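This is what each chain is made of:
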Amino acid sequence: MNSNENKLNDFFQQFENIKQTYSDLSSSCLHKESKMSWTEFKKEYESIGKVISPDKFKDIQTELIEEVMYSILEMLDGYSDLGFDLDVVDKQTGESIKNGVQLHDRYRDFVDENK
């Protein structure tokens, strides 16, 4: 695996870590005993917890987070109305890690390979 591939995998792994952290956090809030210091919607989480299991809620959150990340990567790939181009650059080398790569497609592949 070349250096750029490693960087892409590391980049996507960070996305996966973020997704895991927040899907775990949100699903744990369905329990009445949860502290939930990070949210303003304690009662809403408790209400949701009465009608859906934490595992199913985590699946829903995971799917939603993946789609948000996918949309952010599409924006980085130029599929937006920003009016300017974005890049993801390794500051140590000055090289783009998305050179010749569609990040959103590669992320979807990464997710599928790691299920």
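Remember, it's a predicted structure, so these values are computed and weren't measured experimentally.

K.L.:
Tell me about the overall build of the protein, and name the residues and values.
P.N.:
Helix and strand counts for the protein stand at four helices and two strands. Secondary structure elements in the protein, listed N-terminal to C-terminal, are α-α-α-β-β-α. A compact globule built from 115 residues should have a C-alpha radius of gyration of about 13 Å, whereas the protein, at 17 Å, is more than 25% larger. Dimensions of the protein, computed from C-alpha atoms along their principal axes, come out at roughly 50 × 35 × 25 Å. Expressed as a percentage of the 115 residues in the protein, the buried residues total 31%. The long-range fraction of contacts in the protein, counting pairs at least 24 apart against all pairs at least 6 apart in sequence, stands at 61%. When the accessible surface of the protein is split by element, carbon and sulfur atoms take 50% of a total near 7900 Å².

K.L.:
Account for the nonpolar core, naming residues and giving values.
P.N.:
Leu8, Phe12, Leu73, Leu103 and Tyr107 are the most contacted members of the largest nonpolar core, which has 14 residues in total. When contributions to this core are tallied by element, the ones reaching two or more residues are α1 (3–28), α3 (54–76) and α4 (103–113). Those residues within four positions of Leu8 in sequence are excluded, and the remaining contacts are Ile97, Val101, Leu103 and Arg106. Grouped together as the second largest cluster of nonpolar side chains are five residues, Cys29, Leu30, Met36 and Phe57 included.

K.L.:
Quick rundown of the packing of aromatic side chains? Include the residues and the values.
P.N.:
Across all of its chains, the model carries six aromatic pairs by this definition. Where Phe12 meets Phe110, the ring centres are 5.7 Å apart and the plane angle is 50°; that geometry is what we call tilted. Within this pair, whereas Phe12 is found in helix α1, its partner Phe110 is found in helix α4, the two being separated by 98 residues in sequence. Judged on exposure class, the residue Phe12 and its partner Phe110 are both buried. These aromatic residues form a ring-pair network of at least three members: Phe11, Phe12, Phe15, Tyr107 and Phe110. The aromatic ring of Tyr70 is capped on one face by Arg108, whose charged end is 4.1 Å from the ring centroid.

K.L.:
Could you give me a rundown of the packing of α1 against α3, with the residues and numbers involved?
P.N.:
At their nearest, the axes of α1 and α3 sit 9 Å apart, and the two run at 145° to each other. The chirality of how α1 crosses α3 is right-handed. Across the interface between the two elements, Phe11, Phe12, Phe15, Ile18, Lys19, Gln20, Tyr22, Ser23, Asp24, Ser26 and Ser27 from α1 touch Pro54, Phe57, Lys58, Gln61, Thr62, Ile65, Glu66, Met69 and Leu73 from α3.

K.L.:
Before we move on, can you summarise a negative patch on the surface with the specific residues and values?
P.N.:
A grouping of Asp105, Asp109, Asp112 and Glu113 is seen on the molecular surface, where their side chains present a negatively charged patch. Considering the arrangement of structural elements, one finds Asp109 in helix α4.

K.L.:
Tell me about α4, residues and numbers included.
P.N.:
Among all positions of α4, only Leu103, His104, Tyr107, Phe110 and Val111 are buried. Buried residues in α4, looked at end-on, bunch into an arc of 120°, giving them a common side. Buried-residue contacts for α4 involve α1 and α3.

Rules used in this analysis
Residues numbered from 1 in each chain as written. Predicted model: local features only at pLDDT ≥ 70, side-chain atom pairs only at ≥ 80, totals over all residues. Heavy atoms only, no water. Helix = DSSP H or I, 4+ residues; strand = E, 2+ residues; numbered from the N terminus. Rg over C-alpha atoms; globule rule 2.2 N^0.38 Å. Buried < 20%, exposed > 50% of the residue type's maximum accessible area, 1.4 Å probe, protein only. Contact = heavy atoms within 4.5 Å. Areas by Shrake-Rupley, 256 points an atom, 1.4 Å probe, with all protein chains shown as cover. Core = buried A, V, L, I, M, F, W, Y, C linked by side-chain atoms within 4.5 Å. Phe/Tyr/Trp six-rings, centres within 6.5 Å; stacked < 30°, edge-to-face > 60°. Lys NZ or Arg CZ within 6 Å of the ring centre and 35° of its normal. Axes fitted to C-alpha atoms, helices over the stretch in contact; angles between N-to-C directions. Left-handed = near helix turned anticlockwise from the far one by under 90°. Patch = residues over 30% accessible without salt bridge, like charges linked within 9 Å, V, L, I, M, F, W, Y side chains within 5 Å. Salt bridge = Lys/Arg side-chain N within 4 Å of Asp/Glu carboxyl O. Lys, Arg positive; Asp, Glu negative; His and termini not counted. Charge placed at Lys NZ, Arg CZ, Asp CG, Glu CD. Arc of directions from axis to C-beta.

So far we have only geometry, and geometry alone does not tell us how the molecule works.
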